[in-house]
Amino acid sequence: MPEKRPLLPLPPVPQPEQETVGIPIPVVPDWDVQLQAATRMAQLIDRHLDYEAYSRSVVEAEQLTPRRLCPEQRVDLITDVYAVISR
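Every chain is numbered independently, its residues counted from 1 as its sequence is written. Two thresholds apply to this predicted model, a pLDDT of at least 70 for residue-level local features and 80 or more for giving and counting side-chain atom pairs, whereas whole-chain, interface and lining totals are computed over all residues. Heavy atoms from the whole structure form the basis of all side-chain values; hydrogens and water molecules are not counted.

Comments concerning a nonpolar patch on the surface
- Think of a patch as exposed residues, more than 30% relative accessible area, with no salt bridge, where like charges cluster within 9 Å and nonpolar side chains (Val, Leu, Ile, Met, Phe, Trp, Tyr) cluster within 5 Å. Here the open area of atoms and residues is found with the Shrake-Rupley method and a 1.4 Å probe, where only the protein chains shown may cover a residue. What makes a salt bridge here is a side-chain nitrogen of Lys or Arg within 4 Å of a carboxyl oxygen of Asp or Glu, nothing more. Together, Val27, Val28, Trp31 and Leu35 make up a nonpolar patch on the protein surface, roughly 410 Å² of accessible area in all.
- Among the structural elements, Leu35 can be located in helix 1 (residues 31–55).
- We call a residue buried when its accessible area falls under 20% of the maximum for its residue type, exposed when it is over 50%, and partly exposed in between, using a 1.4 Å probe and counting protein chains only. Looking at Leu35, the relative accessible area reads 42%, which means it is partly exposed. Each helix corresponds to a stretch of at least 4 residues labelled H or I by DSSP, and each strand to a stretch of at least 2 residues labelled E; elements are numbered beginning at the N terminus.

What follows is the structure in structure tokens.
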């Protein structure tokens, strides 16, 4: 059985002389604007996919992606997304 050795005390942690203040760096300065645009784009994509799923789609809803949209719906989707991005 190994013999137990006492633990050594830890050395003292040096304290900073002066409290440092962090620099506020904005990671995404226009976060609210980008979030609003992304939410609007997601709603548009969902609307286009729902329209295709309920009106004339022959594929299952799980397989429905923007790639499977009919050409007219694809053009409408891209036009709508571009309108949201260019605001």
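Thoughts on the environment of Ile85
- As for its position among the elements, Ile85 is in helix 2 (residues 71–85).
- Along the primary structure Ile85 and Gln34 are separated by 51 residues, whereas in three dimensions their C-alpha atoms are 9.1 Å apart.

Topic: the environment of Val84
- Here Val84 lies in helix 2.
- Residues Val84 and Leu44, spaced 40 residues apart in sequence, show a C-alpha to C-alpha distance of 9.3 Å.
- Contact criterion: two residues are considered in contact whenever any of their non-hydrogen atoms come within 4.5 Å of each other. Ignoring any residue separated from it by four or fewer positions in sequence, one finds Val84 in contact with Ala37, Arg40, Met41 and Leu44.

Quick notes on helix 1
- Helix span, expected: 1.5 Å multiplied by one less than the number of residues in the helix. Between its first and last C-alpha, helix 1 extends 36 Å over 25 residues, near the 36 Å set by a 1.5 Å rise per residue.
- Taken together, the buried positions of helix 1 are occupied by Leu44, His48, Leu49 and Glu52.
- Packed against the buried residues of helix 1 are helix 2.

A short note on the packing of helix 1 against helix 2
- Contact geometry of helix 1 with helix 2 gives a least axis separation of 9 Å together with a crossing angle of 165°. Here helix 1 is positioned roughly antiparallel relative to helix 2, judged by the angle of their axes. The two elements helix 1 and helix 2 meet at a crossing, and its hand is right-handed. For the pair formed by helix 1 and helix 2, the contact residues are Ala37, Arg40, Met41, Leu44, Ile45, His48, Tyr51 and Glu52 on the first element and Gln73, Asp76, Leu77, Asp80, Val81, Val84 and Ile85 on the second.
- Residue classes follow a fixed rule: Ala, Val, Leu, Ile, Met, Phe, Trp, Tyr, Cys and Pro count as nonpolar, while Asp, Glu, Lys and Arg count as charged, and any other residue, Gly among them, counts as polar. Class assignment for the residues of the contact of helix 1 with helix 2 results in nine nonpolar, two polar and four charged. In this description, a line fitted to the C-alpha atoms serves as the axis of each element, helices being fitted only across the stretch in contact, and the angle between N-to-C directions of two axes falls anywhere from 0 to 180 degrees. Any angle from 65 to 115 degrees is called roughly perpendicular, while one under 35 is roughly parallel, one over 145 is roughly antiparallel, and all others are oblique. Handedness of a crossing is defined here by the sense of rotation of the near helix relative to the far one, left-handed for an anticlockwise turn of less than a right angle and right-handed for a clockwise turn.

Some words on helix 2
- In a regular helix each residue adds 1.5 Å, so 15 residues correspond to 21 Å; helix 2 covers 21 Å between its end C-alpha atoms and thus fits that length.
- When helix 2 is considered as a whole, its buried residues turn out to be Gln73, Leu77, Val81 and Val84. Looking down the long axis of helix 2, one finds its buried residues gathered within 65° of arc, a one-sided arrangement. Facing away from the buried surface of helix 2 by more than 90 degrees, the exposed residues are Pro71, Val75, Ile78 and Tyr82.
- Those residues of helix 2 that are buried are in contact with helix 1. The reported arc concerns the directions from the helix axis to the C-beta atoms and nothing else.

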